[in-house]
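Close look at the chain arrangement
So the chains spell out like this:
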4 protein chains.
Amino acid sequence: MRNTFGNNISITLFGESHGYAVGAVLDGLPAGVKINADYIEKKLDKRRAHGTISTQRREADTLNFISGVRDGRSTGSPITVIFENRDTSSGDYEKFKDMPRPSHADYVAQIKYGGSHDERGGGHFSGRLTAPIVALGAILQSVLEAKGIHIGTHIKKLHSICDRDFGSYSDDIAYLDEALFPVLDTECAEKMREEILTAANMGDSVGGILESAVVGLPAGIGDPWFDTLEGMLSHALFSVPGIKGVEFGLGFGFADKYGSEANDAFATDGEKIYTKTNNSGGINGGISNGMTVIFRCAVRPTPSIRKEQRTVSLAKMENTTLSAGGRHDPAIIHRARAVVDAISAIVIADALASAYGTSYLGG
Amino acid sequence: MRNTFGNNISITLFGESHGYAVGAVLDGLPAGVKINADYIEKKLDKRRAHGTISTQRREADTLNFISGVRDGRSTGSPITVIFENRDTSSGDYEKFKDMPRPSHADYVAQIKYGGSHDERGGGHFSGRLTAPIVALGAILQSVLEAKGIHIGTHIKKLHSICDRDFGSYSDDIAYLDEALFPVLDTECAEKMREEILTAANMGDSVGGILESAVVGLPAGIGDPWFDTLEGMLSHALFSVPGIKGVEFGLGFGFADKYGSEANDAFATDGEKIYTKTNNSGGINGGISNGMTVIFRCAVRPTPSIRKEQRTVSLAKMENTTLSAGGRHDPAIIHRARAVVDAISAIVIADALASAYGTSYLGG
Amino acid sequence: MRNTFGNNISITLFGESHGYAVGAVLDGLPAGVKINADYIEKKLDKRRAHGTISTQRREADTLNFISGVRDGRSTGSPITVIFENRDTSSGDYEKFKDMPRPSHADYVAQIKYGGSHDERGGGHFSGRLTAPIVALGAILQSVLEAKGIHIGTHIKKLHSICDRDFGSYSDDIAYLDEALFPVLDTECAEKMREEILTAANMGDSVGGILESAVVGLPAGIGDPWFDTLEGMLSHALFSVPGIKGVEFGLGFGFADKYGSEANDAFATDGEKIYTKTNNSGGINGGISNGMTVIFRCAVRPTPSIRKEQRTVSLAKMENTTLSAGGRHDPAIIHRARAVVDAISAIVIADALASAYGTSYLGG
Amino acid sequence: MRNTFGNNISITLFGESHGYAVGAVLDGLPAGVKINADYIEKKLDKRRAHGTISTQRREADTLNFISGVRDGRSTGSPITVIFENRDTSSGDYEKFKDMPRPSHADYVAQIKYGGSHDERGGGHFSGRLTAPIVALGAILQSVLEAKGIHIGTHIKKLHSICDRDFGSYSDDIAYLDEALFPVLDTECAEKMREEILTAANMGDSVGGILESAVVGLPAGIGDPWFDTLEGMLSHALFSVPGIKGVEFGLGFGFADKYGSEANDAFATDGEKIYTKTNNSGGINGGISNGMTVIFRCAVRPTPSIRKEQRTVSLAKMENTTLSAGGRHDPAIIHRARAVVDAISAIVIADALASAYGTSYLGG
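What this report covers is the structure whose coordinates are included nearby. (Residues numbered from 1 in each chain as written. Chains lettered and ligands numbered in written order. Predicted model: local features only at pLDDT ≥ 70, side-chain atom pairs only at ≥ 80, totals over all residues.)

**Concerning the overall build of chain A**
Of the regular secondary structure elements, chain A holds nine helices and 18 strands. Computed over the C-alpha atoms, the radius of gyration of chain A is 21 Å, within 12% of the 21 Å expected from 2.2 N^0.38 for a compact globule of 363 residues. Along the three orthogonal principal directions, the C-alpha set of chain A runs to about 70 × 50 × 35 Å. Counting across all 363 residues of chain A, residues that qualify as buried make up 66%. For chain A, contacts bridging at least 24 residues in sequence account for 71% of all contacts bridging at least 6. (Helix = DSSP H or I, 4+ residues; strand = E, 2+ residues; numbered from the N terminus. Rg over C-alpha atoms; globule rule 2.2 N^0.38 Å. Buried ≥ 20, exposed ≤ 12 C-beta atoms within 10 Å, placed from the backbone. Contact = placed C-beta atoms within 7 Å.)

Here it is, written out as structure tokens:
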């Protein structure tokens, strides 16, 4: 249903980048859940542009709940958050209505919405719409944490540079929770920053791979058909601008394996059951098996670049060239991880609510 | 909503592998659509086990529409297809209730459904449930073909063997439509078959990568948030047993590219607009851009293998070993492609119906 | 979503009156729920045509679960029931494609589905599709009864004859559960039967009002906006052929009252809270308040009558007359009550599942 | 899905009466639809409290679209309207948390949401949430009018006073569109106002019956099962605070009729087909038949009255009495009609979009 996602916990998204505000509605959360503004701000800060490796558009967004929260707790009715749009400079965008940026949504927006599309800042396609997703997802992340379910995402790869694998999930997730640039190996982090600056200096952009872990999810969550855990997660994750691939466990790496190598042997210490490997990424038959859920998202390089590119003037139906000036990100992967965390929290919370009832998410 | 998927065109799936029947309901198709049994049978045949590279369970399934079809045309009410279960030998499965097969759904089924789960043949988790998906998807495939939209899938990779890339989409899709083993390069096809037989002889299994193309889809289909074309396709595709990754266009290959390399330049011949490359896989901002939609699915090796594996006796809470006898497939990737085609047809038809109304599918 | 209804417990309906079968799929029921065939048969028998006051089409329907039930218990996957169509005589119906019966669905079916509509026996519009609703609703009724929630419906009014009001709900519901003709006052029941026979002899038909009670529903079920208990019940109830009005508590009788007369005073015996009257029909603000839920459905006289009526030949675009021969019911209200009970059970179970999780409906 | 309603055109509602704002999101409207603020204001004014017959809470609400509208046209992305809450006096409400008002939502809110419920002004249950419904419904009403579909509602009955029946639908709907007090017979209107004042002076309230007409709806809209036109309309209408019954055509009046009296004979003038009577209220088999859609809503007297009433102190579990001071409406039926019109427009637009695609609403 277009801008609404989820069954028992659902989110409805609205807004345009340079309109009055962007926002979202979270429905289904029980009454009485603590809404911790500091916690949410910390997550929002991870999505925010910082330093020289990001756009110079600075959104000093204040968290503004216009419904569903009173005295720091959920009231049980829908929670709406809005972020007003301020530091906008819309003059840059008009030309993209005629000369669509390659691999950007300019062209399809023109086809789908015609002249009434709000092209400024990408309008409804803007990455800015992920801010309310992060804010509402953070509420659910804190709910999940109270249940012992923790989510963390690092940049596994940026251009040709690879981060180390997850080690201790709990330590690594705690580390990522403090890091604005989410890379586990600090030397590697430095190289990735340099790579982003190099791309920026060339008027270019870079992509990469995000890797996420969800620890503590009980076994039995998800369904075998259609609403598989993989299906629900990927459905929502592909909304994150730039994500073009999602894989679970070994993912595309399964292609090279024999079944005997790929299968995760069950084992027990007499008290609990676990698997000796976790190639399945914590999911069998669409349902969580109690191991850490592992998935990776491919993030394409941001399409808006300063370098001259070939495109078409739609008005003249002529080939032409274009340089997308303005304040664009040479990479969004480090900011996107906050969105991936938030979306994962929404999907996991919804799957838990579908299994155990929404009241489970209460106290 | 669990076993139902889709908004304007929807499918509801039911059945267990060794129960009375498996089946599905297709809702939303307008009245008067021609239902060509031969066309459907041909698609079903692609999903069927053939020769020595597949299970010896042979399902001589007859196409049985129990509602929604009269005199070879849709009546406008829900179309239900069932396949009765016949060549079943259920004795094999009881032990998996106690000793779950590694990476199979046995364990999560036990957690989620407890003792009442129908474990025979995998019950509701069985790949057999894809037969009604293929039958109903075929109806939509024929509808789409009448609109000039064609779908085809080949095995891009099987273990270490790679097929050639798509060349002429129309020729290749026509070729695949005739091929029971969907590989474009015949020499390569032979090697893949050998690889499957080798695995089978070892009591093992292999996985691979499927690559699909949807040609002829008009620009403007899909939505920017949540119901992106990528999100809807992946949501449904992850239901196909064994699929653990879905990527569009360059997918995970985007990670290595600069924006200037990855972006698809727009161009025109003065009459129509196209892109010079198609790294985006025909989708920008969640919406089709008029180019061929390209995606790949990672298919894990089938988890049921003859080789001895370590597992746990749930009753005794003891470590033990297991060999999954029975009639298992050493590879399902060649059969899965029929399911991928069918699911793609369902999702694409639904997206078209959401944009243009279901009557658009009517003819 | 057309033929699917419900959020956490959902039903998908399919079939045509003279096609191969009618059926429905129930999704969301946990594994391990006892499926009592005798219990279901008893409910089906209430919907069946009996004696001289009903159609002579006799459906000796056998309960046929083709998925989701094994060894008398739910498996946790979708439960599908089908009823094959046998005692059909389809020749009667062809003329209604040209000469639509007044107030019947013949005309709108022609507009909506055109020539491919299956007109035989009313096709997908047939009251026969309520058989699978009753069968699946009965499963949920037995689940609700195990929770102390009981549903009963009587004919409050048939033409000019009124039944007495509900007295002791538990006694009356128990009585109705044994009665094929659901009227509390036996003298009144006799008069109603006579009225039906009189109408039948005139080649005419009669309608009336059904009154239903749901006792034992806990307070707090339903939502304030859109998915109110009234909204969900009425949404589903208006699917029952012939229902043209639904009211809760005093319903249309509220129009004559002052607030001070209409309001239900709260009272307590020190242990629990109740209301001294129940004009609200057990629902405030869309949510159950713990009192008996009371609603009434207006049932129109069956439109198919033997008496000559004026209609139009669609082919000739000429006024003409028509006598609907065939085996029609002079009244369906006594049979419809089984459908109202079943639909109420489905909606109530779904509302409970949305509040407490589907697992609540388990053991 | 709780606070979201609709399939292809959907509305999501949020807000609390004395929180920061109430609002709603409209999704699915195509780009380029003219948004006429004056037109919307006129509809909002019909919902507003005027004169002595309504509450003294005066909401000088300014229409505030925070997304989806640019330069007076829809952008194609979700349209969000909010109304900030100003003239609030929240002190009145705290006592209702302990002493629930009879027949009000106070008690069920306490059960469902516990101590975190925002009780001020009724919180999320407040009739104030109908303001955004009216604003967004008005957009759709203007879209429908451009298609020749007009909606109008009058007070058919208020306490014991009855308005005349609809005469010429087009004249009457035009008249109602200008009237703040929606009664067709002016003498009757005067009596109704007096009746409201009488009730107000007694510290009491009155209810009544609203009657609505939808003219110009094409035949073929709606579905036979679940998403019947009656089912969709009633589902949404029961959200309007105070509505406790919905009937179509003769509705409960069908109970007294024979089929031969109730059936609507088809007739033709050689060019088009119509029915000689319209007892069916324009709907057969759940689908519009091309005649005027007619329905009536029973509106209960407002439960908040000044008169002393018996209730319970939840804290002490003791019987007590209560007088609901504050600024309550002695009747809301005349204001509710604007909400009924708006909700009807939403449901009709959604049903049209489901049949013809959302692009049909585009112009």
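**Side note on the environment of D:Pro241**
Residue and element names in this part refer to chain D. Take Pro241: it is sitting in the loop between helix 7 (229–237) and strand 11 (243–248). Taking the number of C-beta atoms within 10 Å as the measure of exposure, Pro241 has 26 and is therefore buried. Residues Pro241 and Ala105, 136 residues apart in the sequence, show an inter-C-alpha distance of 9.8 Å.

**Focus on helix 3 (residues 106–113) of chain A**
Across the eight residues of helix 3 of chain A, six count as buried, placing the element largely inside the fold. Within the span of helix 3 of chain A, buried status applies to A:Asp106, A:Tyr107, A:Val108, A:Ala109, A:Lys112 and A:Tyr113. Considering only its buried residues, helix 3 of chain A is in contact with helix 2 (94–98) of chain A together with strand 12 (266–268), strand 14 (283–284) and strand 15 (287–288) of chain B. Positive phi appears at A:Gly114, one or two residues downstream of helix 3 of chain A, with a value of about 65°.

**Concerning the relation of the copies chain A and chain B**
When chain A is fitted onto chain B, the two copies agree to an RMSD of 0.0 Å after a turn of 180° and an axial shift of 0.0 Å. Those values place the two copies in the arrangement expected of a two-fold rotation axis. Of the C-alpha atoms belonging to chain A, the one lying closest to the rotation axis is found on A:His235, 2.5 Å away. In this assembly, 100% of the residues forming the interface of chain A have copies in chain B that are likewise at the interface, indicating an isologous arrangement. (Least-squares fit on C-alpha atoms with pLDDT ≥ 70 in both.)

**Section: the interface of chain A and chain B**
The partner chain B presents 90 residues to the 90 residues of chain A that form the contact. Looking at the side of chain A that touches chain B residue by residue, the class counts come to 40 nonpolar, 34 polar and 16 charged. (Nonpolar A, V, L, I, M, F, W, Y, C, P; charged D, E, K, R; others polar.)

**What to know about the nonpolar core**
Among the nonpolar cores identified, the biggest contains 444 residues, and A:Ala349, B:Ala349, C:Ala349 and D:Ala349 are the most heavily contacted of them. Residues contacting D:Ala349, with those up to four places away along its chain left out, are D:Ile9, D:Leu140, D:Val143, D:Leu144 and D:Leu361. (Core = buried A, V, L, I, M, F, W, Y, C linked by C-beta atoms within 7 Å.)

**Here's the deal with the relation of the copies chain D and chain B**
For the pair of chain copies, the relating transformation is a rotation about an axis with a translation along it. When chain D is fitted onto chain B, the two copies agree to an RMSD of 0.0 Å after a turn of 180° and an axial shift of 0.0 Å. With an isologous cut-off of 70% or more, the 100% of interface residues of chain D that recur at the interface of chain B puts this contact in the isologous class.

**Quick look at the interface of chain D and chain B**
Each partner contributes residues to the interface: chain D has six residues there, and chain B has six residues. Along the lines of polarity and charge, the residues of the side of chain D that touches chain B split into three nonpolar, three polar and no charged.

**Details of the sheet that holds strand 2 (residues 10–15) of chain B**
Residues and elements named next belong to chain B. The strand order 1-2-3-7-4 describes an open sheet built from five strands, whose pairing is antiparallel. Looking along the sheet, the strands with just one partner apiece sit at the ends: strand 1 (4–5) and strand 4 (64–67). Note that strand 2 and strand 3 (residues 21–27) share six bridges and pair antiparallel. Pairing of Thr12 across the sheet is with Val25, part of strand 3. (Pairing = 2+ DSSP bridges.)

**Some remarks on the environment of D:Glu194**
If you trace the backbone, D:Glu194 turns up in helix 6 (residues 186–201). Residues D:Glu194 and D:Asp223 lie 29 residues apart in sequence; the distance between their C-alpha atoms is 43 Å.

**Section: unusual backbone geometry**
Peptide bonds are mostly trans, and most non-glycine residues show a negative phi. Residue and element names in this part refer to chain A. Phi is positive for Phe226, close to 65°, though the residue is something other than glycine. Mapped onto the secondary structure, Phe226 falls in the loop between strand 10 (208–215) and helix 7 (229–237). Judged by the 24 C-beta atoms lying within 10 Å of it, Phe226 is buried.

**Remarks on the sheet that holds strand 3 (residues 21–27) of chain A**
The strands making up a sheet associate through backbone hydrogen bonding, with each pair oriented either parallel or antiparallel. Residue and element names in this part refer to chain A. Strand order in this open sheet of five strands is 1-2-3-7-4, and the pairing throughout is antiparallel. Every interior strand has two partners, whereas the edge strands, strand 1 (4–5) and strand 4 (64–67), have only one. Looking at chain direction, strand 4 and strand 7 (residues 79–84) are connected through three bridges and run antiparallel. Its bridge partner being in strand 7, Phe65 is matched across the sheet by Val81.

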